[in-house]
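# Coordinate analysis (summary)
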Amino acid sequence: MAATQALIADVAAPSLSVQRVDKRYANGTIALQDVRLAIEPGEFVSLLGPSGCGKSTLLKMFAGIETPTHGHLRWWGQAFETVGSPGRRMSMVFQEATLMPWATVADNVRLPLDLAHVPRREADARVAAALDGVGLAKFGHVLPRELSGGMQMRASLARALVTEPDLLLLDEPFGALDEFTRNCLDSDLRALWQRRGMTVVFVTHSIYEAVYLSSRVVVMQARPGRIIAEVPIEGPLERDDAYRVSEPFMQHCKTLSELIADAHRASLANEETGVQS
Amino acid sequence: MTGEVLAGHSGKSGRGAAAASSTAAAAAQGAGQRAKSAARPAISSQRQPWLQRPGVMKALAPWMVGVVVLACWQAWCVVMKVPAYLVPSPAAIVSELVQDAPLLFGSLLATLKITLLAFALATVLGVVIALLFVQSPLIEASLFPYAILLQVTPVVAIAPLIIIWVKDMNVALVLCATLVALFPIISNTVLGLRSVNPGLINLFRINRATRWQTLVRLRIPSALPYFFGGLRISSGLSLIGAVVAEFVAGTGGSGAGLAYQILQAGFQLNIPRLFAALLLITVTGVVLFAITAWVSRAGLRGWHDSQL
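Residues numbered from 1 in each chain as written. Chains lettered and ligands numbered in written order. Predicted model: local features only at pLDDT ≥ 70, side-chain atom pairs only at ≥ 80, totals over all residues.

Where an unreviewed UniProt entry is consulted, chain A appears under the name Nitrate/sulfonate/bicarbonate ABC transporter ATP-binding protein, with the organism given as Paraburkholderia aromaticivorans.

Turning our attention to the overall build of chain B. Scanning chain B from N- to C-terminus turns up 12 helices and zero strands. Helices and strands in chain B line up, N terminus first, as α-α-α-α-α-α-α-α-α-α-α-α. Taking all 308 residues of chain B together, the buried fraction comes to 36%. A separation of at least 24 residues holds for 73% of the contacts in chain B among residues at least 6 apart in sequence. (Helix = DSSP H or I, 4+ residues; strand = E, 2+ residues; numbered from the N terminus. Buried ≥ 20, exposed ≤ 12 C-beta atoms within 10 Å, placed from the backbone. Contact = placed C-beta atoms within 7 Å.)

Before going further, it helps to spend a moment on the overall build of chain A. Within chain A, the secondary structure is distributed over nine helices and nine strands. Radius of gyration (C-alpha) of chain A: 20 Å, near the 19 Å computed for a compact globule of 277 residues. Dimensions of chain A, computed from the C-alpha atoms along their principal axes, are close to 65 × 50 × 40 Å. Expressed as a percentage of its 277 residues, the buried residues of chain A come to 39%. (Rg over C-alpha atoms; globule rule 2.2 N^0.38 Å.)

All names here are of chain A. The strand order across the open sheet built from six strands is 5-6-7-3-8-9, with neighbouring strands paired in mixed fashion. Of all the strands in the sheet, just strand 5 (90-93) and strand 9 (226-232) have a single pairing partner and so form its edges. The average undirected angle you get between the axes of adjacent strands in this sheet is 15 degrees. Relative to strand 8 (residues 216-221), strand 3 (residues 44-48) is paired through four bridges, and the arrangement is parallel. Its bridge partner lying in strand 8, leucine 48 is registered against valine 219. Sitting on the sheet, helix 5 (residues 149-161) is in contact with strand 5 and strand 6 (167-171), with an inclination near 170 degrees to strand 5. (Pairing = 2+ DSSP bridges. Axes fitted to C-alpha atoms, helices over the stretch in contact; angles between N-to-C directions.)

Another point: the environment of Gln135(B). Residues and elements named next belong to chain B. Relative to the elements of secondary structure, glutamine 135 occurs in the loop between helix 5 (101-133) and helix 6 (137-152). Since 12 C-beta atoms lie within 10 Å of it, glutamine 135 is described here as exposed. On a C-alpha basis, the gap between glutamine 135 and leucine 215 in space is 9.8 Å, while along the polypeptide they are 80 residues apart.

The pLDDT averaged across chain A works out to 85; a share of 91% of its residues lies at or above 70. Under a pLDDT of 50 for its full length, residues 1-9 of chain A has, in the predicted model, one contact with residues more than four places off or in other chains. (pLDDT = per-residue confidence, 0-100.)

All names here are of chain A. With five of its six residues buried, strand 8 lies for the most part within the structure. Sheet topology note: the strand 8/strand 9 ladder contains six bridges and is antiparallel. Among the inter-strand pairings, arginine 216 is bridged to a residue of strand 9, identified as proline 232. Between the end of strand 8 and the start of strand 9, which pair antiparallel, lie four residues, with arginine 223 showing a positive phi angle near 45 degrees.

So, about helix 7 (residues 155-165) of chain B. All names here are of chain B. Among the residues making up helix 7, those that are buried are Val155, Ala159 and Ile163. All buried residues of helix 7 project into a common sector of 70 degrees when viewed along the axis, lining one side. Those residues of helix 7 that are exposed and angled more than 90 degrees off the buried face are Ala157, Leu161, Ile164 and Trp165. Check the buried side of helix 7 and you find it contacts helix 8 (169-194) and helix 10 (211-249). (Arc of directions from axis to C-beta.)

Counting from both sides, the interface comprises 14 residues of chain B and, opposite them, 16 residues of chain A. For the side of chain B that touches chain A, the elements supplying multiple residues, two or more each, are helix 9 (198-206) and helix 10 of chain B. Per element, the largest residue contribution to the side of chain B that touches chain A is six residues, and it comes from helix 9 of chain B. Residues belonging to the side of chain B that touches chain A are distributed by class as follows: six nonpolar, six polar and two charged. (Nonpolar A, V, L, I, M, F, W, Y, C, P; charged D, E, K, R; others polar.)

Note on sheets: strands pair through backbone hydrogen bonds, and any given pair is parallel or antiparallel. Residue and element names in this part refer to chain A. One open sheet accounts for three strands, arranged 2-1-4; its pairing is antiparallel. Looking at the sheet topology across the chains shown, the edges are occupied by strand 2 (30-39) and strand 4 (70-75). Recorded for the sheet is a direction-independent mean angle of 15 degrees between the axes of neighbouring strands. As paired elements, strand 1 (residues 16-24) and strand 4 share five bridges and run antiparallel to each other. Across the sheet, serine 17 pairs through a bridge with arginine 74, a residue of strand 4. Each of strand 1, strand 2 and strand 4 is contacted by helix 2 (residues 55-63), which is oriented at about 55 degrees to strand 2, the strand it contacts most.

Attention now moves to the environment of Leu150(B). Residues and elements named next belong to chain B. Looking at the element boundaries, leucine 150 is found in helix 6. For leucine 150, a count of 15 C-beta atoms within 10 Å gives the class partly exposed. C-alpha of leucine 150 to C-alpha of arginine 217: the two residues are 67 residues apart in sequence and 31 Å apart in space. When sequence neighbours within four positions are dropped, the list of residues in contact with leucine 150 reads Leu179, Leu182 and Phe183.

Take helix 4 (residues 120-133) of chain A next. Since the α-helix packs 3.6 residues into each turn, any two residues three or four apart lie on the same face. Residue and element names in this part refer to chain A. Look at helix 4: 20 Å from first C-alpha to last across 14 residues, which is about the 20 Å you get at 1.5 Å a residue. Listing the buried residues of helix 4 in full gives Ala123, Val127, Ala130 and Leu131. One face of helix 4 carries all of its buried residues, which in axial projection span an arc of 95 degrees. Exposed residues pointing more than 90 degrees away from the buried face of helix 4 are listed as Arg121, Glu122 and Ala125. In the core, the buried residues of helix 4 are packed alongside helix 3 (105-115) and helix 5. Once helix 4 ends, the next one or two residues include glycine 135, with phi positive near 75 degrees. (Expected span 1.5 Å × (residues − 1).)

Residue and element names in this part refer to chain B. It is the contact of helix 5 with helix 8, at a shortest axis distance of 6 Å, that shows an interaxial angle of 40 degrees. Classified by the interaxial angle, the pair formed by helix 5 and helix 8 is oblique. Relative to helix 8, helix 5 is oriented so that their crossing is right-handed. Looking at the contact of helix 5 with helix 8 residue by residue, the classes come out as 20 nonpolar, six polar and no charged. (Parallel < 35°, antiparallel > 145°, perpendicular 65-115°, else oblique. Left-handed = near helix turned anticlockwise from the far one by under 90°.)

Attention shifts here to the environment of Ala256(B). All names here are of chain B. Among the secondary structure elements, alanine 256 is positioned in the loop between helix 10 and helix 11 (258-267). Using a count of 20 C-beta atoms within 10 Å as the deciding quantity, one classes alanine 256 as buried. Apart from residues no more than four positions distant in its own chain, alanine 256 is found in contact with Ser107, Ala110, Thr251 and Gln261.

Set out below in structure tokens:
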């Protein structure tokens, strides 16, 4: 009975909820101030903002590798320590591909399964499927350094997807790639999300990327790091290159860039009055 | 190689030596001319002369330097009539090496045994200590100063003590050489075990890897390039340690090492034998270094920046 109730709560709970979270560093820097956010299951949310706005810090909290100074986070209504026990999985893709240089692409992708002691044969099948899913089916036996930057990122994405996560966290994953490769990977990521329906949190400083990918954009601002707006993106579900030049896309980009510019101006004005007083 | 054979051959008579070295010079000149004249047709006929292939000259250059130096040395000894008890000619050294081969190679074997045992012991001990150090900062903080103490104390100063305390001479010698070779392995491996990509550490944390999994799958592979660096330094140091320990021990008899032969040869003013023993030590050191370099290349092949 109690178990059933827990399960019901679990289903109803948001994938992630952030309640009044602060992060202060010892040197007095306020990385995050009073952050409140709920991310529903199956959402694709982008955290958008300039450097230093705490978006990466917030994402690391979602991954459990950073802890808030105040406030708390819940994963499917639970504390982090118990995440994973009811079969909830989380994966993260970093700014760099962070592949092990001594291991082949397939071994790199297999790592999360190996760490979880998944039997070899099942793991092999899942690795092959994951590599196929990112277009690297033929590159399993290759060492990472033989791949281009975009392909390394694809391998990194395959490693994140191989566990079939319920929550996928991406920290400016395609930031170091050229625009064409990035657009290509964005399209693939969007298609993967539509196919699998997992919850995705995507950190970026590119307005276009955020609008193209997301169902909701969370706009953040620096000094102190905080959320200044949440903008739902009502675009078509199927998004392709035509969407990138469509009127609604441009309108969303305009709204967001105005929001950010206003916030920037306001914070500059604040700083000036701060200096005067 | 050619230089040694040439010098050995020429050692039989003074005139022969002069003739041989002049022949060598002429041959070198000839080769140069041939290379020069071959350069022009090579462009049209596609067939490159082997001397001009990239890499050949680079591989050949150090040997050429050796040949030239040995030839000059030989010529100097012969022309100036330098007595062998001051500076023996290369030819005299080689002929001594051949004459006293059983004695010298027996000693080489003894020294080699000490060296390899010490090298193996230092490697195993060094890795174990390094793994211990990275388990907790407290362990490292409390023990690392003593590792440094071990490193900065000259082995010549401790060797007599060890030789007094340890009954078995071979064990004493191995211990001395191990002390010399240990530190680079410890410090390099510790550095390597700590030099792990922070992104990969986070990845392992997110995937809830155990301490053991992180060590075996992440820290140890990351440490390999550093460990191999330490191995290369220690291979030479274990030989130096073995020779120094033998010097201090001064043990003679059937199992005497190369250091004893050098000591004896010095006392007897048998300078060619001294040089011959020295040559064997040097060649051993170079071979050891080459082997560890090869192992390192094999271990890091393809993925580490140093091997590309």
